[in-house]
Amino acid sequence: MAKVHVKNGDFSEAAMCYVHAAALVAEYLHRKKSFASGLSAFKKITLNIDEESAMKEDAGMQDVYYTEEVLVELLEQCVDGLWKAERYELMSEISKFIIPVYEKRREFEKLSLLYSTLHRAYSKVIEVMHSGRRLLGTFFRVAFYGQSFFEDEDGKEYIYKEPKLTGLSEISQRLVSLYSDKFGCENVKIISDSNKVDSKQLDPKYAYIQVTFVKPFFEEKELAEKKTNFEKNHNINRFVFETPYTLSGKKHGGVEEQCKKRTVLTTTNTFPYVKKRIAVMYEHQVDLKPIEVALDEMKDRTAELQGLCSSSDVDMIQLQLKLQGCVSVQVNAGPLAYARVFLEDSKSSRYPNKKVKELKEIFRKFVQACSIALDLNERLIKEDQFEYHEGLKSNFKDMVKELSDIIHEQIFQEDMMRSLLQNSLHVFRAISGTSSDMSFGSPQHSYPATM
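To keep things clear, this report deals only with the structure shown in the data block.

Definitions and limits used
- Residues numbered from 1 in each chain as written.
- Predicted model: local features only at pLDDT ≥ 70, side-chain atom pairs only at ≥ 80, totals over all residues.
- Heavy atoms only, no water.
- Helix = DSSP H or I, 4+ residues; strand = E, 2+ residues; numbered from the N terminus.
- Buried < 20%, exposed > 50% of the residue type's maximum accessible area, 1.4 Å probe, protein only.
- Contact = heavy atoms within 4.5 Å.
- Areas by Shrake-Rupley, 256 points an atom, 1.4 Å probe, with all protein chains shown as cover.
- Phe/Tyr/Trp six-rings, centres within 6.5 Å; stacked < 30°, edge-to-face > 60°.
- Lys NZ or Arg CZ within 6 Å of the ring centre and 35° of its normal.
- Axes fitted to C-alpha atoms, helices over the stretch in contact; angles between N-to-C directions.
- Parallel < 35°, antiparallel > 145°, perpendicular 65-115°, else oblique.
- Left-handed = near helix turned anticlockwise from the far one by under 90°.
- Expected span 1.5 Å × (residues − 1).

### Details of the overall build of the protein
Step number 1: Secondary structure summary: the protein contains 15 helices and 7 strands in total.
Step number 2: In the protein, which comprises 451 residues, the share counted as buried stands at 46%.
Step number 3: Taking all contacts inside the protein whose residues are at least 6 apart in sequence as the whole, residues at least 24 apart take part in 65%.
Step number 4: Of the roughly 23,900 Å² of accessible surface on the protein, 51% is carried by carbon and sulfur atoms.

Here it is, written out as structure tokens:
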């Protein structure tokens, strides 16, 4: 199975195959009192290892003879597999099983090579954390409909893990090709939207495949614990997608009528796994009302700006695109549209007071994030972009003025922001080693204290 995964470029799945195999051999030797660790020690690497705990020493096992040498070879394959999968953080956990064996055997050359490999692995961790350019997979919900074609699979939903930045069209075409070979291309249809499917409304003459892009889902408490991108892509089993709708029946509408349904799917196992797809065992749906959609959108925009600014390797193109969308003052678009609909005196009373207060607080954080992003952009642009940057600053000034008028408070205070920007610079310097003569909030970059 591992060889097939490697051939297809699914290195995380191949690595998990080696991990499961090594864990089973370790458990066998542990029961024979010839190895210190068993299955449970591998839970730090994958939570899926629990499914192997049912291993029994039946009559057939008496004919099997695993040795410490077999285990070490499997563990070495794990290290190599995890390197190829770019899951460098796990290599040290596997090495903890190998090092005592090498030490016992006085295999100092192998110890030296292993520690060198670990040094390179941690260097890679630092590199990808700074660059943000490690892609550990893309996820899709895939559902099958058509009793006469899929039989027991009819109505079943799975989460598929695909390599790197696999697009929706790419996996859809691959699945159509796969099932066309099985059922005939004239009998296979793709359902492209994410709405709930009523199988009774489908034509039984066709095999239907519904494909939806999903993202890993975490509660706020989990996000506080999962600090790194790796932690947000390892041992995960909950995924989310959202479907926009309005009460009038249209998919999209004005800000004041736009709702969305958030669907969270829970799988039977965690990713990465020995397989590329895992069955969905539980589905939970939440309907977000228009002001909740606004809250969600503003939280996301603020987090995106904060993430771009905190990176030591700033993506200028992304930063400017996000800024342009954030400081837009168009009547029916951008953050101001939410403020006009939900925070103006004549309209805010229609919505729960708690939600209105929460939205105001999000806007305060959003303005801070925009200010830091603008300051960072000014320091990184070349002369030919100065006019463009001045346009962004002008839009920011207009946006802040209107926001301040809407919520009846000075939402942007330069003295406070200077301190905030200086603190942000200290973080930026610590990460990137930027020279100390740069200073956020310097005299050359100031915003009016009154709007």
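### As for unusual backbone geometry
Step number 1: Residue Pro 272 is bonded to the preceding Phe 271 through a cis peptide linkage, with omega at -5 degrees.
Step number 2: Examined against the element boundaries, Pro 272 turns out to sit in the loop between strand S6 (259-271) and strand S7 (277-288).
Step number 3: One non-glycine residue, Lys 164, adopts positive backbone phi at about 45 degrees.
Step number 4: Note on placement: Lys 164 falls in the loop between strand S2 (157-162) and helix H7 (168-183).

### Focus on the packing of aromatic side chains
Step number 1: Here the structure, examined in full by the defined rule, presents 17 aromatic pairs.
Step number 2: Measuring from centroid to centroid gives 6.0 Å for Phe 140 and Phe 213, while their planes differ by 70 degrees, and the two rings are edge-to-face. Of this pair, Phe 140 sits in strand S1 (residues 138-145) while Phe 213 sits in strand S4 (residues 207-216); the two residues are 73 residues apart in sequence, bridging distant segments of the chain.
Step number 3: For Phe 140, a relative accessible area of 1% gives the class buried.
Step number 4: The exposure class of Phe 213 is partly exposed, given its relative accessible area of 43%.
Step number 5: Centre to centre, the rings of Phe 342 and Tyr 351 are 4.9 Å apart; their planes meet at 70 degrees, and the pair counts as edge-to-face. In this pair, the class of Phe 342 matches that of Tyr 351, namely buried.
Step number 6: Here the guanidinium or amino end of Lys 189 rests over the ring plane of Tyr 206, the centre of that ring lying 4.1 Å away.

### Some points on the packing of helix H10 (residues 316-326) against helix H13 (residues 353-380)
Step number 1: Following both chains from N to C, one finds H10 and H13 inclined at 135 degrees, their axes separated by 10 Å at the closest point. As the angle between them shows, H10 and H13 are arranged oblique. For H10 against H13, the interelement crossing comes out left-handed. Here Met 316, Leu 319, Gln 320, Leu 323 and Cys 326 of H10 come into contact with H13, specifically with Phe 366, Cys 370, Ala 373, Leu 374, Leu 376, Asn 377 and Leu 380.

### Re helix H5 (residues 108-131)
Step number 1: A rise of 1.5 Å per residue sets the reference length of H5, with its 24 residues, at 34 Å; its end C-alpha atoms lie 34 Å apart and thus fit the reference within 8%.
Step number 2: For H5, the set of buried residues is Leu 111, Leu 114, Thr 117, Leu 118, Ala 121, Val 125 and Val 128.
Step number 3: Where the residues of H5 are buried, they touch helix H3 (68-84) and helix H4 (91-105).
Step number 4: Following H5 by one or two positions, Gly 132 has its phi on the positive side, about 70 degrees.

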